[in-house]
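# Geometric and topological summary
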Amino acid sequence: MPNFCEDCGSTITTTQNFCEGCGKNLQELRKQVASQEICARCRGEFDQQNTMLTALGQKWHRACFLCVRCSAKIPSFAKFGEEDGKPVCPACFKNVNVPNCQGCKKPVGDSYTNSFNFSWHPDCLRCATCKKEGGKEGLFEDGGKLYHLNCFKF
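Thresholds, definitions, all that
Residues numbered from 1 in each chain as written. Predicted model: local features only at pLDDT ≥ 70, side-chain atom pairs only at ≥ 80, totals over all residues. Heavy atoms only, no water. Core = buried A, V, L, I, M, F, W, Y, C linked by side-chain atoms within 4.5 Å. Buried < 20%, exposed > 50% of the residue type's maximum accessible area, 1.4 Å probe, protein only. Contact = heavy atoms within 4.5 Å. Helix = DSSP H or I, 4+ residues; strand = E, 2+ residues; numbered from the N terminus. Pairing = 2+ DSSP bridges.

### Description of the nonpolar core
Counting residues in each nonpolar core, the largest one holds 10 residues, listed as Ala 40, Leu 53, Ala 55, Trp 60, Phe 65, Cys 67, Ile 74, Val 88, Cys 89 and Cys 92. Excluding its chain neighbours within four sequence positions, the residues that come into contact with Leu 53 are Gln 58, Lys 59, Trp 60, Arg 62, Phe 65 and Ser 76. Membership of the second largest hydrophobic core comes to five residues, among which are Trp 120, Cys 127, Leu 139 and Cys 151.

Right under this line is the structure:
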C-alpha cells in the first residue's frame, strides 16, 4: 500500500528514504514523530482524555492504533504485524504471507498442493475445460490453467 508525502502529495514506497517530489527526509520525520508526544497516525497531541500506547517505536492514541490494511482496531494486548512502521492486524498479516490458489485465486490456507510452480487447493487441481481431476492421464499446465491432453484446444 503506498503512502503519500504530507508536503507535496507524491507517492512514497516503503523502500524510499526521501520523497522524490520535494526531497523531504522521511527517516528523519519518522524519528521526530517517535520522539514527540504526538500520535503516529493522526499527529494529534495527547491529553488526559486520550490514552497513549507505545508500539513499533512510536506513540499512538488507542483509537488510532488501526490496521494499515483494513482499518480494524488492534487491541493493545493483541499480537500484530508491521508494515513500514505501521500496525497490521493478525488477519491481514496472516494473509500477506499466504499464497493464493492458482485456480480460485483465494488464499490457500493450511491445505494445498504445489504443482506446476503454483499453489492449489486440492479441489481446484482440475482440468479447466471439463472440471474433472487429472486421473490416470494426468494434467498439464498452459498459461496458469490445467488441462487433460484431450480437452486442450490447440
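### Let's talk about the pairing of strand 4 (residues 58–61)
Side-chain alternation along strand 4 places Gln 58 and Trp 60 on one buried face and Lys 59 and His 61 on a second face that is also buried. Alignment of strand 3 (residues 52–55) against strand 4, held across four bridges, turns out to be antiparallel. Among the inter-strand pairings, Ala 55 is bridged to a residue of strand 4, identified as Gln 58. In this structure, the hairpin formed by strand 3 and strand 4 is closed by a connection of two residues, where Leu 56 is found at a positive phi of approximately 55°.

### A look at the environment of Gly 103
When you line up the elements, Gly 103 lands in the loop between helix 2 (90–96) and strand 7 (113–115). A C-alpha to C-alpha distance of 8.5 Å links Gly 103 and Ser 119, two positions 16 residues apart in sequence. Those residues in contact with Gly 103 that lie beyond four places of it in its chain are Trp 120 and Cys 124.

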